[in-house]
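# Structural description and commentary
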Amino acid sequence: MELQKNLERIILIELLVPLTLFIFGAYHGVMQVMYQSGVIRATSFAGIDYYQGLTAHGVINAIVLTTFFAVALGAAVVSYELKSRVSIAGATLALILMLLGAVMAAAMIFMGKASVLYTFYPPLMAHPLFYVGLALFIVGSWVPFWTWIPVYIRWRKENPGRKTPMGVVGIFATFIVWQLATLPVAFEVLAQLLPWSLGWTPGVNVMLSRTLFWFFGHPLVYFWLLPTYVLYYTMLPNLAGGKLFSDFAGRFTFMTLILLSCPLGLHHQFADPGISTSSKGFQGVLTLMVAIPSLLTAFTLAASLELAARGRGGKGLFGWWKNLPYFDPQVWLFPYLFCGLVIFLFGGITGIVNASYSMNNVVHNTAWIPAHFHLTVGGPVFLGILGGSLLLITGLLKKPVVSRTMALTVPYVWMVGTFVFSSGFFLGGLRGEPRRTNLGLTYMNPASPSYRPDWWLATHMGLLGGCIMGLAVLLYFIVLVRSLAAAPDAALAQAPFSLPTSKPYHDEDIAAVQNFTPWVAAAVLLCVVSYYAPVRDIVKNGITTAPGFRPDNPAAVSTAH
Ligand code: HAS
């Protein structure tokens with residue numbers, strides 16, 4: 001079935017606008033390693049200061065690009081898999097709100113009025129329009145999901161007894177997690193930060209704000225990951241030439257991520273005062289549990305790849321790994337997903353280190369943390385977005401992917417870049433190198449009394465890796481622009497829009513993973529159990545108000561404008 005023409009246009013805008021913004025996001029990533037390694041020894045470069053650039057890097061890459069991609073992929077998958085028309089009015093409203101919100105937030109960042117990083121923690125204060133932009137963006141991203149629900153209910157009525165397609169399960173899991181996660185942060189932005197930045201309230205309860213943020217911030221990482229899991233479970237086995245090893249494993253993974261994504265944000269606050277160690281310990285245990293669906297994914301996908309490789313003539317205990325289409329231009333998407341998996345092995349292991357309450361003390365707020373997240377959101381998620389966007393854009397425009405060899409080189413170059421970058425940051429982190437610090441001014445400046453020559457190797461590995469990652473982005477944009485410029489392909493133009501979809505090898509029929517309702521109810525209950533005590537403690541013991549600050553001045557401000 002062809003998608004509705006208007007929907008196709010909306011999806012294309014949702015993919016192309018953030019990819020264009022991402023050029024700035026990626027540029028500021030490369031700038032970060034320049035400051036970090038002391039290549040730049042100044043507070044600013046080309047009129048943009050360090051914290052402004054870091055905020056642009058985080059907000060564009062981690063919030064704008066990822067959310068637009070989830071919404072675009074969701075619309076394509078729901079419409080394609082359910083063979084149904086979706087609400088164009090809803091999709092248009094979402095697009096307008098998200099674009100408006102993204103433009104407002106980006107404008108404030110580039111005008112230097114919102115250097116608050118992607119976590120926008122108070123007491124750093126941004127211009128009210130930054131918070132309004134964020135609120136519009138988040139509300140806009142809710143709208144499509146609300147319009148898909150009646151489509152899905154109708155589909156279930158018309159298809160009694162049929163299993164919900166795996167892609168739809170994954171997309172619904174993504175947006176259920178998003179809906180649960182964004183309510184507290186919407187409260188934080190609208191009830192705490194916006195009135196405070198307008199000067200209507202004298203201060204803000206920082207601990208409450210941080211806790212509301214991390215209630216959102218951890219599920220945010222699964223909101224990033226889940227669309228990539230949709231690509232892994234629905235497309236990867238097919239691209240490898242095989243089948244998904246277990247249908248149940250995919251459904252169970254999505255359902256357990258609904259259950260466990262939200263009630264454990266305190267693992268980002270192990271070092272925060274005012275929250276009891278028992279609450280932190282409880283959420284620490286839940287954090288280790290949320291690794292289980294990813295470990296299950298590792299097993300299921302490895303088994304699916306083995307199945308495919310043996311089908312392609314692979315032999316031996318490990319020899320079958322040779323028989324996968326690593327460099328086949330016909331399946332250029334395969335390496336985007338495969339390299340993401342390889343990177344995620346290391347991102348996942350280091351996540352478990354972070355989650356271990358005692359070890360977290362060693363790595364918290366050091367360069368170790370960006371090393372971890374460039375192997376998670378910067379690994380599988382980012383490669384999923386690059387590959388998925390190229391697939392959708394060329395598929396909708398009926399254009400061929402040109403320069404296929406270059407297209408399939410991108411994920412390998414990116415993988416090498418992230419490994420070099422993250423090895424440097426891990427090393428630096430273990431030696432005490434802080435994150436979110438302009439090292440070029442002090443620690444990496446021989447003229448400074450704080451100079452740390454022992455961080456030279458780590459920061460320069462970061463520099464090298466960051467430049468290799470920049471090269472991968474450049475190659476990707478060459479492929480994208482050349483593909484956009486190519487004439488539509490006559491054969492593709494005849495065929496309806498389609499997505500590669502894997503069939504299951506084991507198609508288990510287990511009712512427990514075929515209904516969202518009990519999982520959502522259990523997730524809400526677990527959130528209440530998990531957050532009741534810490535929120536009570538913070539409200540009771542927290543410092544009630546803190547004034548605002550800007551990153552470049554130790555004096556408090558009452559408004560940011
Ligand atoms: Fe994390 C901090 C714990 C997963 C992102 N994380 C962050 C931050 C970000 C982030 C952005 O407990 C920084 C936030 C900030 O700005 O302060 N994280 C975890 C744990 C997991 C985890 C336990 N994180 C993610 C994912 C992210 C992400 C996913 C983005 C998408 N993280 C933490 C903690 C902190 C943290 C603490 C706070 C630290 C602090 O002190 O500030 C787990 O979910 C990970 C489970 C994953 C696995 C890996 C499974 C492997 C697979 C690949 C299989 C490969 C195959 C191919 C089949 C167990 C699926 C094989 C091929 C071969 C050749 C062998």
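Each remark here, short or long, concerns the structure printed above.
Let me begin by describing the structure that accompanies this report. (Residues numbered from 1 in each chain as written. Predicted model: local features only at pLDDT ≥ 70, side-chain atom pairs only at ≥ 80, totals over all residues. Heavy atoms only, no water.)

## Section: the packing of aromatic side chains
Under the criterion given, the structure shown has 47 aromatic pairs. Relative to Trp155, the ring of Tyr152 lies with its centre 6.4 Å away and its plane at 15°, an arrangement referred to as stacked. Residue Tyr152 and its partner Trp155 are both found in helix α4 (residues 128-158); the two are separated by three residues, about one turn of the helix. When its relative accessible area of 4% is taken as the criterion, Trp155 is described as buried. A cation over a ring is seen here: Lys83 above Tyr80, with NZ or CZ 4.3 Å from the ring centre. Positioned above the aromatic ring of Tyr121, the side-chain terminus of Arg210 is 4.3 Å from the ring centre. (Phe/Tyr/Trp six-rings, centres within 6.5 Å; stacked < 30°, edge-to-face > 60°. Helix = DSSP H or I, 4+ residues; strand = E, 2+ residues; numbered from the N terminus. Buried < 20%, exposed > 50% of the residue type's maximum accessible area, 1.4 Å probe, protein only. Lys NZ or Arg CZ within 6 Å of the ring centre and 35° of its normal.)

## Points about the state of the cysteines
Using the criterion set out here, one finds zero disulfides in the structure. Cys262 takes part in no disulfide bond, and the closest cysteine sulfur, belonging to Cys527, lies 4.7 Å away. Judged by its relative accessible area of 1%, Cys262 is buried. (Disulfide = S-S within 2.5 Å.)

## A word on the coordination of the iron atom of the ligand
A lone protein donor contacts the iron atom of the ligand, and this donor is His372 (NE2), found at 2.2 Å. Secondary-structure assignment places His372 in helix α12 (residues 368-374). (Donors = N, O, S within 2.8 Å, 3.2 Å for Na, K, Ca; no water.)

## Concerning the nonpolar core
Phe130, Phe334 and Tyr336 are the most contacted members of the largest nonpolar core, which has 188 residues in total. A per-element tally of this core places helix α2 (residues 50-81) first, with 20 residues. (Core = buried A, V, L, I, M, F, W, Y, C linked by side-chain atoms within 4.5 Å.)

## Digging into the site of the ligand
Taken together, 33 residues lie near the ligand, and Tyr118, Tyr222, His364, His372 and Arg435 sit nearest. Measuring from an oxygen atom of the ligand, one finds a side-chain N or O atom of Tyr222 at 2.5 Å. In this structure, His372 approaches the ligand through a side-chain N or O atom, which is 3.0 Å from a nitrogen atom. Taken together, the elements giving at least two residues each to the shell around the ligand come down to α6 (206-234), α9 (277-311), α10 (333-355), α12 and α13 (377-397). Here the shell around the ligand gets nine residues from one element, more than from any other, and that element is α10. Of the residues in the shell around the ligand, the class split is 21 nonpolar, eleven polar and one charged. (Near = heavy atom within 4 Å. Polar contact = N/O pair within 3.5 Å; in protein donor to acceptor, adjacent residues only side chain to side chain. Nonpolar A, V, L, I, M, F, W, Y, C, P; charged D, E, K, R; others polar.)

## Considerations on the pattern of salt bridges
Applying the stated criterion across every chain, the model contains eight salt bridges. Its salt-bridge partner being Glu8, residue Lys5 comes within 3.1 Å of it at the nearest N-O pair. With Lys5 and Glu8 both in helix α1 (residues 5-36), this residue pair falls three residues apart, about one helical turn. One salt bridge in this structure joins Asp247 and Lys163, with 2.8 Å as the shortest N-O distance. (Salt bridge = Lys/Arg side-chain N within 4 Å of Asp/Glu carboxyl O.)

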